[in-house]
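# A closer look at the structure
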Amino acid sequence: MSEQQRPEAETDAFVFSPRKNGQAQSVSDELAAWMRTGWADTEMRDLEPIEQAEHTARRRAALSEAFPGERLVIPSGQLLTRSNDTEYPFRAATNYAYLTGDTTDGNCLVLTPRDGGGHDAVLYLKGRSDRDNGEFWLGGYGELWTGRRNSLEEASALLGVATADVRTLPGALRADGVTTRVVRGHDAEVDAIVDELRADADADADAEARAKSARLDEELAVTLADHRLVKDEWEIAQLQKAVDATTRGFEDVAGTLPKAKDTSERYIEGTFFLRARVEGNDVGYGTIAASGPNATTLHWTRNDGPVREGELLLLDAGVETTTLYTADVTRTMPISGTFTDLQRKVYDLVYKAQEAGIAAVAPGRPFTDFHEASQRVLAEGLVEWGLLEGPVDRVLELGLQRRYTLHGTGHMLGMDVHDCAVSRQETHLYGDLKPGMVLTVEPGLYFQPDDLTVPEELRGIGVRIEDDVLVTEEGRTVMSAGLPRSSAEVEAWLAERLPR
Ligand code: GLY
Ligand code: MN
Ligand code: MN
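Quick summary incoming for the structure in this document.

About the thresholds
- Residues numbered from 1 in each chain as written.
- Chains lettered and ligands numbered in written order.
- Predicted model: local features only at pLDDT ≥ 70, side-chain atom pairs only at ≥ 80, totals over all residues.
- Heavy atoms only, no water.
- Core = buried A, V, L, I, M, F, W, Y, C linked by side-chain atoms within 4.5 Å.
- Buried < 20%, exposed > 50% of the residue type's maximum accessible area, 1.4 Å probe, protein only.
- Helix = DSSP H or I, 4+ residues; strand = E, 2+ residues; numbered from the N terminus.
- Contact = heavy atoms within 4.5 Å.
- Donors = N, O, S within 2.8 Å, 3.2 Å for Na, K, Ca; no water.
- Tetrahedral: all angles 85-135°; square planar, octahedral: opposite > 155°, others 65-115°.
- Pairing = 2+ DSSP bridges.
- Axes fitted to C-alpha atoms, helices over the stretch in contact; angles between N-to-C directions.
- Phe/Tyr/Trp six-rings, centres within 6.5 Å; stacked < 30°, edge-to-face > 60°.
- Parallel < 35°, antiparallel > 145°, perpendicular 65-115°, else oblique.
- Left-handed = near helix turned anticlockwise from the far one by under 90°.
- Nonpolar A, V, L, I, M, F, W, Y, C, P; charged D, E, K, R; others polar.
- Polar contact = N/O pair within 3.5 Å; in protein donor to acceptor, adjacent residues only side chain to side chain.

## Concerning the nonpolar core
Among the nonpolar cores identified, the biggest contains 48 residues, and Phe250, Ile268, Leu315, Met333, Leu445 and Phe447 are the most heavily contacted of them. Among the elements that make up this core, the one with the highest residue count is helix 14 (residues 341–359) (six residues). The contact partners of Ile268, leaving out residues within four places of it in the chain, are Val253, Leu257, Ala260, Ala289, Val307, Leu313 and Leu315. Core analysis: the second largest hydrophobic core is formed by 36 residues, Tyr96, Leu111, Leu220 and Val438 among them.

What follows is the structure, encoded as C-alpha coordinates:
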(Lines give C-alpha, C1' and ligand atoms only; values in the text may rest on other atoms or scores of the structure.)
(Ligands and ions follow the chains in the order given, each with its own letter.)
Protein backbone atom coordinates (compact mmCIF):
# COMPACT_ATOMS: atom_id res chain seq x y z
CA MET A 1 0.00 0.00 0.00
CA SER A 2 1.49 3.35 -0.99
CA GLU A 3 1.66 6.42 1.22
CA GLN A 4 -1.31 7.93 -0.66
CA GLN A 5 -3.55 4.90 -0.21
CA ARG A 6 -2.81 4.54 3.50
CA PRO A 7 -5.58 5.81 5.77
CA GLU A 8 -4.77 9.04 7.58
CA ALA A 9 -2.83 8.35 10.75
CA GLU A 10 -4.07 9.98 13.88
CA THR A 11 -1.63 12.79 14.58
CA ASP A 12 -2.00 13.03 18.34
CA ALA A 13 1.25 14.60 19.51
CA PHE A 14 3.47 12.71 21.88
CA VAL A 15 3.32 14.19 25.36
CA PHE A 16 6.57 13.96 27.31
CA SER A 17 5.85 12.95 30.88
CA PRO A 18 9.05 12.65 32.87
CA ARG A 19 9.39 9.88 35.41
CA LYS A 20 8.93 11.16 38.95
CA ASN A 21 12.58 10.73 39.82
CA GLY A 22 13.97 10.85 36.26
CA GLN A 23 17.03 13.05 35.90
CA ALA A 24 15.71 14.93 32.84
CA GLN A 25 12.61 16.78 34.00
CA SER A 26 12.01 19.01 30.97
CA VAL A 27 12.93 19.56 27.32
CA SER A 28 13.78 23.03 26.10
CA ASP A 29 12.16 24.26 22.88
CA GLU A 30 15.63 24.58 21.36
CA LEU A 31 16.50 20.96 22.13
CA ALA A 32 13.13 19.71 20.88
CA ALA A 33 13.54 21.61 17.60
CA TRP A 34 17.13 20.45 17.16
CA MET A 35 16.19 16.79 17.75
CA ARG A 36 13.74 17.02 14.85
CA THR A 37 16.46 17.80 12.34
CA GLY A 38 19.76 16.50 11.08
CA TRP A 39 18.80 12.87 10.47
CA ALA A 40 19.88 10.97 7.36
CA ASP A 41 17.37 9.16 5.15
CA THR A 42 17.81 5.52 6.19
CA GLU A 43 14.84 4.11 4.29
CA MET A 44 15.72 0.70 2.82
CA ARG A 45 14.58 0.43 -0.78
CA ASP A 46 14.45 -2.48 -3.24
CA LEU A 47 13.93 -5.04 -0.47
CA GLU A 48 13.18 -8.62 -1.51
CA PRO A 49 10.35 -10.54 0.20
CA ILE A 50 11.39 -12.91 3.01
CA GLU A 51 11.39 -16.63 2.23
CA GLN A 52 8.08 -17.30 3.98
CA ALA A 53 6.17 -14.65 2.03
CA GLU A 54 4.77 -17.12 -0.50
CA HIS A 55 3.78 -19.52 2.28
CA THR A 56 2.11 -16.84 4.39
CA ALA A 57 0.13 -15.67 1.32
CA ARG A 58 -1.13 -19.23 0.80
CA ARG A 59 -2.02 -19.56 4.48
CA ARG A 60 -3.98 -16.30 4.42
CA ALA A 61 -5.81 -17.48 1.29
CA ALA A 62 -6.83 -20.72 3.05
CA LEU A 63 -8.12 -18.72 6.01
CA SER A 64 -9.99 -16.34 3.71
CA GLU A 65 -11.72 -19.29 2.06
CA ALA A 66 -12.85 -20.65 5.44
CA PHE A 67 -14.59 -17.42 6.50
CA PRO A 68 -16.20 -15.74 3.47
CA GLY A 69 -17.71 -12.31 4.07
CA GLU A 70 -16.29 -11.90 7.59
CA ARG A 71 -13.55 -9.73 9.04
CA LEU A 72 -10.70 -11.64 10.69
CA VAL A 73 -8.46 -9.95 13.22
CA ILE A 74 -5.16 -11.52 14.25
CA PRO A 75 -3.07 -9.46 16.73
CA SER A 76 0.66 -10.03 17.34
CA GLY A 77 0.30 -9.30 21.05
CA GLN A 78 1.61 -6.58 23.34
CA LEU A 79 4.55 -6.42 25.71
CA LEU A 80 3.77 -7.80 29.16
CA THR A 81 4.98 -6.01 32.27
CA ARG A 82 7.39 -8.01 34.39
CA SER A 83 7.77 -5.40 37.11
CA ASN A 84 7.58 -1.59 37.18
CA ASP A 85 8.90 -0.54 33.75
CA THR A 86 10.52 -3.81 32.72
CA GLU A 87 8.84 -6.32 30.40
CA TYR A 88 9.08 -10.01 29.70
CA PRO A 89 10.88 -10.84 26.45
CA PHE A 90 8.30 -10.51 23.69
CA ARG A 91 7.17 -13.56 21.73
CA ALA A 92 4.67 -12.91 18.94
CA ALA A 93 1.37 -14.81 18.94
CA THR A 94 1.72 -18.03 16.98
CA ASN A 95 -1.17 -17.46 14.55
CA TYR A 96 0.01 -13.93 13.78
CA ALA A 97 3.56 -15.09 12.96
CA TYR A 98 2.16 -18.03 10.95
CA LEU A 99 0.06 -15.72 8.77
CA THR A 100 2.56 -12.86 8.37
CA GLY A 101 6.13 -14.06 8.99
CA ASP A 102 6.49 -11.05 11.31
CA THR A 103 7.50 -11.45 14.96
CA THR A 104 7.32 -7.91 16.35
CA ASP A 105 5.00 -6.56 19.03
CA GLY A 106 2.02 -4.22 18.96
CA ASN A 107 0.79 -5.10 15.46
CA CYS A 108 -2.35 -6.62 14.01
CA LEU A 109 -3.28 -8.43 10.79
CA VAL A 110 -6.78 -7.76 9.48
CA LEU A 111 -8.45 -9.66 6.64
CA THR A 112 -11.36 -7.58 5.42
CA PRO A 113 -13.96 -9.18 3.14
CA ARG A 114 -13.89 -7.86 -0.42
CA ASP A 115 -17.01 -7.26 -2.52
CA GLY A 116 -17.23 -10.21 -4.89
CA GLY A 117 -15.38 -12.63 -2.62
CA GLY A 118 -12.02 -13.09 -0.93
CA HIS A 119 -10.36 -10.74 1.52
CA ASP A 120 -7.94 -7.81 1.53
CA ALA A 121 -5.12 -8.36 3.98
CA VAL A 122 -3.70 -5.33 5.75
CA LEU A 123 -1.02 -5.48 8.39
CA TYR A 124 -1.34 -2.66 10.93
CA LEU A 125 2.14 -1.82 12.22
CA LYS A 126 3.93 0.73 14.32
CA GLY A 127 6.28 1.74 11.49
CA ARG A 128 9.18 4.15 12.06
CA SER A 129 9.17 6.60 14.95
CA ASP A 130 8.09 9.97 13.68
CA ARG A 131 11.04 12.39 13.91
CA ASP A 132 8.68 15.35 14.17
CA ASN A 133 7.36 13.81 17.31
CA GLY A 134 9.68 13.56 20.35
CA GLU A 135 8.49 10.00 21.04
CA PHE A 136 11.43 8.50 19.11
CA TRP A 137 13.88 9.62 21.80
CA LEU A 138 11.70 10.63 24.76
CA GLY A 139 9.27 7.74 24.90
CA GLY A 140 10.56 4.54 26.48
CA TYR A 141 9.41 2.53 23.44
CA GLY A 142 10.77 4.93 20.80
CA GLU A 143 13.32 3.69 18.31
CA LEU A 144 16.30 5.24 20.11
CA TRP A 145 15.41 3.12 23.16
CA THR A 146 14.32 -0.19 21.65
CA GLY A 147 15.83 -0.20 18.16
CA ARG A 148 14.96 0.65 14.59
CA ARG A 149 11.66 -0.67 13.25
CA ASN A 150 10.81 -1.27 9.63
CA SER A 151 8.91 1.49 7.89
CA LEU A 152 5.46 0.56 6.59
CA GLU A 153 6.87 0.43 3.06
CA GLU A 154 9.82 -1.74 4.11
CA ALA A 155 7.56 -4.13 6.02
CA SER A 156 5.22 -4.37 3.04
CA ALA A 157 8.09 -5.24 0.69
CA LEU A 158 9.56 -7.80 3.10
CA LEU A 159 6.33 -9.52 4.12
CA GLY A 160 4.47 -9.24 0.83
CA VAL A 161 1.37 -7.73 2.37
CA ALA A 162 -0.20 -4.25 2.44
CA THR A 163 0.59 -2.26 5.58
CA ALA A 164 -1.01 0.63 7.45
CA ASP A 165 -0.29 2.68 10.56
CA VAL A 166 -1.46 0.80 13.65
CA ARG A 167 -2.92 4.03 15.06
CA THR A 168 -5.62 3.76 12.38
CA LEU A 169 -6.62 0.25 13.50
CA PRO A 170 -9.45 1.17 15.92
CA GLY A 171 -11.11 3.29 13.24
CA ALA A 172 -10.73 0.54 10.63
CA LEU A 173 -12.28 -2.08 12.91
CA ARG A 174 -15.24 0.15 13.65
CA ALA A 175 -15.69 1.17 10.01
CA ASP A 176 -18.68 -0.99 9.09
CA GLY A 177 -20.95 -3.63 10.46
CA VAL A 178 -19.38 -6.85 9.13
CA THR A 179 -19.18 -9.87 11.38
CA THR A 180 -15.77 -9.76 13.06
CA ARG A 181 -13.77 -12.58 14.59
CA VAL A 182 -10.59 -12.08 16.62
CA VAL A 183 -7.82 -14.38 17.80
CA ARG A 184 -8.51 -13.49 21.40
CA GLY A 185 -6.20 -13.13 24.37
CA HIS A 186 -3.24 -11.34 22.82
CA ASP A 187 -4.29 -7.71 22.71
CA ALA A 188 -6.78 -6.44 25.30
CA GLU A 189 -7.52 -3.25 23.36
CA VAL A 190 -8.35 -5.10 20.17
CA ASP A 191 -10.47 -7.64 22.08
CA ALA A 192 -12.37 -4.76 23.72
CA ILE A 193 -13.16 -3.14 20.35
CA VAL A 194 -14.47 -6.43 18.99
CA ASP A 195 -16.54 -6.93 22.17
CA GLU A 196 -18.02 -3.49 21.75
CA LEU A 197 -18.94 -4.16 18.10
CA ARG A 198 -20.44 -7.48 19.04
CA ALA A 199 -22.45 -6.05 21.94
CA ASP A 200 -23.98 -3.57 19.49
CA ALA A 201 -24.87 -6.36 17.05
CA ASP A 202 -26.11 -8.69 19.82
CA ALA A 203 -28.42 -6.01 21.23
CA ASP A 204 -30.75 -6.51 18.24
CA ALA A 205 -30.17 -10.25 17.83
CA ASP A 206 -32.25 -13.23 18.93
CA ALA A 207 -30.95 -15.89 21.31
CA GLU A 208 -29.75 -18.19 18.54
CA ALA A 209 -27.77 -15.42 16.86
CA ARG A 210 -26.25 -14.43 20.20
CA ALA A 211 -25.19 -18.01 20.89
CA LYS A 212 -23.58 -18.09 17.44
CA SER A 213 -21.74 -14.86 18.08
CA ALA A 214 -20.30 -16.27 21.34
CA ARG A 215 -18.59 -19.00 19.30
CA LEU A 216 -17.10 -16.78 16.58
CA ASP A 217 -13.63 -16.39 18.09
CA GLU A 218 -13.33 -19.99 19.17
CA GLU A 219 -14.16 -21.17 15.63
CA LEU A 220 -11.41 -18.92 14.24
CA ALA A 221 -8.81 -20.29 16.69
CA VAL A 222 -9.90 -23.89 16.01
CA THR A 223 -9.72 -23.40 12.23
CA LEU A 224 -6.23 -21.90 12.42
CA ALA A 225 -5.07 -24.80 14.60
CA ASP A 226 -6.53 -27.22 12.03
CA HIS A 227 -4.70 -25.41 9.23
CA ARG A 228 -1.42 -25.62 11.14
CA LEU A 229 -1.62 -29.39 11.70
CA VAL A 230 0.13 -30.31 8.43
CA LYS A 231 3.42 -28.48 8.02
CA ASP A 232 4.59 -27.14 4.65
CA GLU A 233 8.13 -27.73 3.37
CA TRP A 234 9.41 -24.45 4.74
CA GLU A 235 8.03 -25.23 8.20
CA ILE A 236 9.60 -28.69 8.19
CA ALA A 237 12.98 -27.12 7.38
CA GLN A 238 12.51 -24.69 10.28
CA LEU A 239 11.67 -27.52 12.65
CA GLN A 240 14.76 -29.42 11.52
CA LYS A 241 16.81 -26.31 12.21
CA ALA A 242 15.32 -26.13 15.72
CA VAL A 243 16.07 -29.81 16.31
CA ASP A 244 19.66 -29.52 15.04
CA ALA A 245 20.36 -26.53 17.31
CA THR A 246 18.79 -28.51 20.17
CA THR A 247 21.12 -31.43 19.44
CA ARG A 248 24.07 -29.06 19.79
CA GLY A 249 22.58 -27.72 23.04
CA PHE A 250 22.44 -31.27 24.46
CA GLU A 251 26.06 -31.80 23.42
CA ASP A 252 27.01 -28.58 25.23
CA VAL A 253 25.31 -29.87 28.36
CA ALA A 254 27.10 -33.23 28.24
CA GLY A 255 30.41 -31.38 28.14
CA THR A 256 29.61 -29.30 31.21
CA LEU A 257 28.19 -31.97 33.54
CA PRO A 258 31.22 -31.76 35.89
CA LYS A 259 30.62 -28.02 36.27
CA ALA A 260 26.95 -28.71 37.01
CA LYS A 261 28.03 -31.09 39.76
CA ASP A 262 29.83 -28.17 41.42
CA THR A 263 26.79 -25.90 41.13
CA SER A 264 23.21 -26.99 40.38
CA GLU A 265 20.69 -27.87 37.68
CA ARG A 266 20.73 -24.14 36.82
CA TYR A 267 24.13 -24.63 35.18
CA ILE A 268 22.53 -27.08 32.79
CA GLU A 269 19.59 -24.79 32.09
CA GLY A 270 21.98 -21.88 31.50
CA THR A 271 24.24 -23.90 29.22
CA PHE A 272 21.31 -24.92 27.03
CA PHE A 273 19.91 -21.39 27.07
CA LEU A 274 23.17 -20.00 25.68
CA ARG A 275 22.77 -22.26 22.64
CA ALA A 276 19.11 -21.27 22.27
CA ARG A 277 19.89 -17.55 22.30
CA VAL A 278 22.89 -17.82 19.98
CA GLU A 279 21.25 -20.06 17.38
CA GLY A 280 17.60 -19.21 17.84
CA ASN A 281 15.15 -16.82 19.42
CA ASP A 282 14.82 -18.48 22.82
CA VAL A 283 13.93 -21.82 24.34
CA GLY A 284 10.50 -22.96 23.10
CA TYR A 285 9.38 -23.73 26.68
CA GLY A 286 10.91 -23.67 30.13
CA THR A 287 13.86 -26.06 30.18
CA ILE A 288 13.39 -29.07 32.43
CA ALA A 289 16.79 -29.87 33.94
CA ALA A 290 15.85 -32.51 36.47
CA SER A 291 18.48 -34.43 38.36
CA GLY A 292 17.88 -37.46 40.60
CA PRO A 293 14.37 -37.55 42.11
CA ASN A 294 13.44 -34.23 40.46
CA ALA A 295 13.08 -36.25 37.24
CA THR A 296 9.87 -37.70 38.66
CA THR A 297 8.27 -34.22 38.51
CA LEU A 298 7.11 -33.97 34.90
CA HIS A 299 7.58 -30.23 34.42
CA TRP A 300 10.44 -29.59 36.83
CA THR A 301 11.50 -26.08 35.75
CA ARG A 302 12.70 -24.77 39.11
CA ASN A 303 16.03 -26.35 38.24
CA ASP A 304 17.53 -25.46 41.59
CA GLY A 305 18.49 -28.94 42.76
CA PRO A 306 21.91 -30.54 43.08
CA VAL A 307 23.46 -32.64 40.31
CA ARG A 308 24.93 -35.71 41.96
CA GLU A 309 27.27 -38.44 40.81
CA GLY A 310 25.43 -41.75 40.43
CA GLU A 311 22.05 -40.16 39.64
CA LEU A 312 20.24 -39.62 36.35
CA LEU A 313 19.76 -36.27 34.65
CA LEU A 314 16.53 -35.84 32.70
CA LEU A 315 16.94 -32.93 30.30
CA ASP A 316 13.83 -31.88 28.35
CA ALA A 317 14.65 -28.83 26.24
CA GLY A 318 14.09 -27.27 22.84
CA VAL A 319 15.55 -24.39 20.86
CA GLU A 320 12.99 -22.09 19.23
CA THR A 321 14.17 -20.64 15.92
CA THR A 322 14.03 -16.92 15.17
CA THR A 323 10.99 -17.83 13.06
CA LEU A 324 9.35 -19.33 16.18
CA TYR A 325 9.44 -23.08 15.46
CA THR A 326 10.50 -25.22 18.42
CA ALA A 327 12.05 -28.60 19.04
CA ASP A 328 11.02 -30.69 22.07
CA VAL A 329 13.58 -33.32 23.00
CA THR A 330 14.31 -35.30 26.16
CA ARG A 331 17.30 -37.38 27.05
CA THR A 332 17.89 -39.11 30.36
CA MET A 333 21.57 -39.65 31.03
CA PRO A 334 23.71 -41.02 33.86
CA ILE A 335 25.64 -38.14 35.38
CA SER A 336 28.67 -40.35 35.99
CA GLY A 337 28.61 -41.55 32.36
CA THR A 338 27.42 -45.11 33.09
CA PHE A 339 23.97 -46.44 34.04
CA THR A 340 23.67 -48.63 37.12
CA ASP A 341 21.99 -51.99 36.42
CA LEU A 342 18.73 -50.75 37.89
CA GLN A 343 18.79 -47.44 35.99
CA ARG A 344 19.52 -49.35 32.79
CA LYS A 345 16.62 -51.73 33.41
CA VAL A 346 14.18 -48.81 33.68
CA TYR A 347 15.79 -46.95 30.79
CA ASP A 348 15.71 -49.96 28.48
CA LEU A 349 12.00 -50.51 29.09
CA VAL A 350 11.23 -46.87 28.24
CA TYR A 351 13.44 -47.21 25.16
CA LYS A 352 11.55 -50.33 24.07
CA ALA A 353 8.26 -48.45 24.55
CA GLN A 354 9.59 -45.56 22.49
CA GLU A 355 10.69 -47.90 19.69
CA ALA A 356 7.16 -49.34 19.59
CA GLY A 357 5.68 -45.83 19.58
CA ILE A 358 7.91 -44.58 16.78
CA ALA A 359 7.12 -47.67 14.69
CA ALA A 360 3.39 -46.85 15.00
CA VAL A 361 3.85 -43.40 13.44
CA ALA A 362 2.83 -43.70 9.79
CA PRO A 363 0.45 -41.95 7.40
CA GLY A 364 -3.12 -43.20 7.73
CA ARG A 365 -2.57 -44.58 11.24
CA PRO A 366 -4.83 -43.15 13.95
CA PHE A 367 -3.11 -40.49 16.08
CA THR A 368 -3.81 -42.59 19.18
CA ASP A 369 -1.92 -45.67 17.86
CA PHE A 370 1.58 -44.65 18.92
CA HIS A 371 0.36 -43.85 22.43
CA GLU A 372 -1.32 -47.22 22.73
CA ALA A 373 1.72 -49.06 21.36
CA SER A 374 4.05 -47.43 23.90
CA GLN A 375 1.68 -47.86 26.82
CA ARG A 376 1.31 -51.57 26.05
CA VAL A 377 5.06 -52.11 26.21
CA LEU A 378 5.30 -50.21 29.48
CA ALA A 379 2.37 -52.10 30.97
CA GLU A 380 3.92 -55.43 29.93
CA GLY A 381 7.18 -54.47 31.60
CA LEU A 382 5.49 -53.32 34.80
CA VAL A 383 3.50 -56.58 35.01
CA GLU A 384 6.65 -58.61 34.37
CA TRP A 385 8.46 -56.76 37.17
CA GLY A 386 5.57 -57.50 39.50
CA LEU A 387 4.65 -53.84 40.03
CA LEU A 388 1.24 -54.35 38.45
CA GLU A 389 -0.98 -57.37 38.54
CA GLY A 390 -1.83 -58.75 35.09
CA PRO A 391 -3.25 -59.56 32.70
CA VAL A 392 -1.87 -56.68 30.65
CA ASP A 393 -5.20 -56.07 28.87
CA ARG A 394 -6.87 -55.49 32.23
CA VAL A 395 -4.10 -53.09 33.27
CA LEU A 396 -4.52 -51.15 30.03
CA GLU A 397 -8.30 -51.17 30.19
CA LEU A 398 -8.23 -49.71 33.70
CA GLY A 399 -5.22 -47.49 32.91
CA LEU A 400 -3.38 -48.77 36.00
CA GLN A 401 0.05 -48.25 34.40
CA ARG A 402 -0.62 -44.52 34.53
CA ARG A 403 0.42 -44.41 38.18
CA TYR A 404 3.98 -44.68 36.80
CA THR A 405 3.62 -43.31 33.25
CA LEU A 406 1.52 -40.25 34.17
CA HIS A 407 1.33 -38.45 30.78
CA GLY A 408 0.33 -39.05 27.17
CA THR A 409 3.00 -40.44 24.85
CA GLY A 410 3.24 -37.41 22.60
CA HIS A 411 1.73 -34.38 20.96
CA MET A 412 1.86 -32.28 17.83
CA LEU A 413 4.90 -30.05 17.50
CA GLY A 414 5.38 -26.83 15.56
CA MET A 415 5.39 -23.17 16.51
CA ASP A 416 3.92 -24.17 19.86
CA VAL A 417 5.48 -26.99 21.79
CA HIS A 418 2.03 -28.50 22.32
CA ASP A 419 1.01 -27.44 18.85
CA CYS A 420 -2.52 -27.12 17.50
CA ALA A 421 -3.90 -28.02 20.92
CA VAL A 422 -7.30 -26.48 20.14
CA SER A 423 -7.81 -28.12 16.76
CA ARG A 424 -10.91 -30.25 16.21
CA GLN A 425 -10.83 -33.71 17.83
CA GLU A 426 -11.90 -35.27 14.49
CA THR A 427 -8.75 -33.95 12.79
CA HIS A 428 -6.34 -34.35 15.71
CA LEU A 429 -6.98 -36.64 18.68
CA TYR A 430 -9.39 -38.94 16.81
CA GLY A 431 -7.95 -38.26 13.36
CA ASP A 432 -5.36 -40.09 11.27
CA LEU A 433 -1.74 -39.09 10.81
CA LYS A 434 -0.94 -37.32 7.56
CA PRO A 435 2.38 -36.66 5.80
CA GLY A 436 3.72 -33.31 7.02
CA MET A 437 2.54 -33.72 10.59
CA VAL A 438 5.30 -33.49 13.21
CA LEU A 439 4.87 -35.00 16.64
CA THR A 440 6.80 -36.06 19.69
CA VAL A 441 7.08 -39.65 20.90
CA GLU A 442 7.99 -39.47 24.58
CA PRO A 443 7.14 -42.36 26.86
CA GLY A 444 8.38 -42.20 30.42
CA LEU A 445 8.40 -44.02 33.73
CA TYR A 446 8.36 -42.15 37.01
CA PHE A 447 8.75 -43.77 40.41
CA GLN A 448 8.01 -41.12 43.00
CA PRO A 449 10.36 -40.93 46.02
CA ASP A 450 7.39 -41.51 48.36
CA ASP A 451 5.61 -44.23 46.36
CA LEU A 452 5.27 -47.18 48.71
CA THR A 453 3.96 -49.44 45.90
CA VAL A 454 7.43 -49.78 44.36
CA PRO A 455 10.58 -51.33 45.81
CA GLU A 456 12.71 -48.80 47.66
CA GLU A 457 15.57 -48.99 45.15
CA LEU A 458 13.29 -47.78 42.33
CA ARG A 459 11.98 -44.77 44.24
CA GLY A 460 13.24 -41.45 42.88
CA ILE A 461 14.03 -42.77 39.40
CA GLY A 462 12.46 -40.92 36.47
CA VAL A 463 13.18 -41.66 32.81
CA ARG A 464 11.77 -40.05 29.68
CA ILE A 465 13.04 -40.34 26.12
CA GLU A 466 11.52 -37.87 23.68
CA ASP A 467 12.08 -37.50 19.95
CA ASP A 468 10.55 -35.35 17.24
CA VAL A 469 9.08 -37.36 14.40
CA LEU A 470 7.92 -36.23 10.94
CA VAL A 471 5.18 -38.25 9.24
CA THR A 472 6.28 -38.87 5.63
CA GLU A 473 4.55 -40.42 2.59
CA GLU A 474 6.44 -43.65 3.27
CA GLY A 475 6.33 -43.70 7.06
CA ARG A 476 8.36 -41.46 9.35
CA THR A 477 11.62 -39.64 9.86
CA VAL A 478 13.06 -39.18 13.34
CA MET A 479 14.18 -35.57 13.10
CA SER A 480 16.19 -35.79 16.33
CA ALA A 481 18.14 -38.91 15.30
CA GLY A 482 21.37 -36.94 15.78
CA LEU A 483 21.14 -37.68 19.50
CA PRO A 484 21.73 -41.15 21.01
CA ARG A 485 18.70 -43.13 22.17
CA SER A 486 19.61 -46.60 23.41
CA SER A 487 21.37 -46.90 26.77
CA ALA A 488 24.59 -48.08 25.09
CA GLU A 489 24.47 -45.16 22.62
CA VAL A 490 23.91 -42.67 25.45
CA GLU A 491 26.93 -44.02 27.33
CA ALA A 492 29.15 -43.92 24.23
CA TRP A 493 27.98 -40.37 23.47
CA LEU A 494 28.72 -39.25 27.03
CA ALA A 495 32.12 -40.92 26.97
CA GLU A 496 33.07 -38.78 23.99
CA ARG A 497 31.93 -35.57 25.65
CA LEU A 498 32.53 -35.82 29.37
CA PRO A 499 35.88 -34.17 30.14
CA ARG A 500 38.31 -36.75 31.50
N1 GLY B 1 8.44 -30.34 27.21
C2 GLY B 1 7.10 -30.63 27.48
C3 GLY B 1 6.69 -31.86 26.83
O4 GLY B 1 7.51 -32.71 26.61
O5 GLY B 1 5.57 -32.04 26.45
MN1 MN C 1 6.82 -33.07 24.53
MN1 MN D 1 9.53 -32.29 26.21
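Moving on from the model shown.
## Concerning the coordination of the manganese ion (ligand 2)
Around a metal, the perfect tetrahedron of four donors has angles of 109.5 degrees, and the perfect octahedron of six donors has angles of 90 or 180 degrees. Taken together, Asp328 (OD), His411 (NE2), Glu442 (OE) and Glu466 (OE) make up the full set of protein donors to the manganese ion (ligand 2), lying 2.0 to 2.1 Å away. Of note is the manganese ion (ligand 2), whose six donor atoms meet at the metal with angles of 51 to 156 degrees in an arrangement that counts as irregular. For the manganese ion (ligand 2), all donor residues lie on one chain, and their spacing in sequence is D-x82-H-x30-E-x23-E. In this structure, the manganese ion (ligand 2) is positioned 3.3 Å from the manganese ion (ligand 3), and both are ligated by Asp328. On the criterion of sequence distance, the pair formed by Glu442 in the loop between strand 13 (438–441) and strand 14 (444–446) and Glu466 in the loop between strand 15 (462–464) and strand 16 (467–471) is long-range, its members being 24 residues apart. Residue classification places Glu442 among the buried residues on the basis of a relative accessible area of 8%.

## So, the sheet that holds strand 16
Taken together, three strands build an open sheet; the order of strands is 13-16-17 and the sheet is antiparallel. The open sheet is flanked by strand 13 and strand 17 (476–478), the only strands paired with a single partner. In this sheet, adjacent strand axes meet at a mean angle of 30 degrees when their direction is disregarded. Inspection of the sheet shows strand 13 paired to strand 16 by four bridges, in the antiparallel sense. When the sheet's bridge partners are listed, Val441 is paired in strand 16 with Asp467.

## Description of the packing of aromatic side chains
The full count for this structure, using the stated rule, is six aromatic pairs. Judged by centre distance (4.9 Å) and plane angle (45 degrees), the rings of Phe339 and Tyr347 are tilted. As far as burial versus exposure is concerned, Phe339 and Tyr347 are alike and both buried.

## Notes on the packing of helix 2 (residues 53–66) against helix 10 (residues 216–227)
For the pair helix 2 and helix 10, the least separation of the axes is 11 Å and the interaxial angle reads 135 degrees. With respect to helix 10, the axis of helix 2 lies oblique. In this structure, the crossing between helix 2 and helix 10 has a hand that is right-handed. On the side of helix 2, the interface is formed by Ala62, Leu63 and Ala66, while helix 10 contributes Leu220, Thr223, Leu224 and His227. Across the contact of helix 2 with helix 10, the residue classes break down as five nonpolar, two polar and no charged.

## Quick notes on the environment of Asp176
Positionally, Asp176 belongs in the loop between helix 7 (169–173) and strand 7 (180–182). In the structure, Asp176 is positioned 21 residues away from Leu197 in sequence and 9.5 Å away in space, judged by C-alpha atoms. One polar contact links Asp176 to Arg71, side chain to side chain, over a distance of 3.1 Å.

## Observations regarding the coordination of the manganese ion (ligand 3)
Around the manganese ion (ligand 3), the protein contributes the donor atoms Asp316 (OD), Asp316 (OD), Asp328 (OD) and Glu466 (OE), which lie 2.0 to 2.3 Å from the metal centre. Bound by six donor atoms, the manganese ion (ligand 3) shows angles of 58 to 170 degrees at the metal and therefore irregular coordination geometry. Spacing between the donor residues of the manganese ion (ligand 3) along the chain follows D-x11-D-x137-E. Among the residues examined, Glu466 registers a relative accessible area of 0% and is labelled buried.

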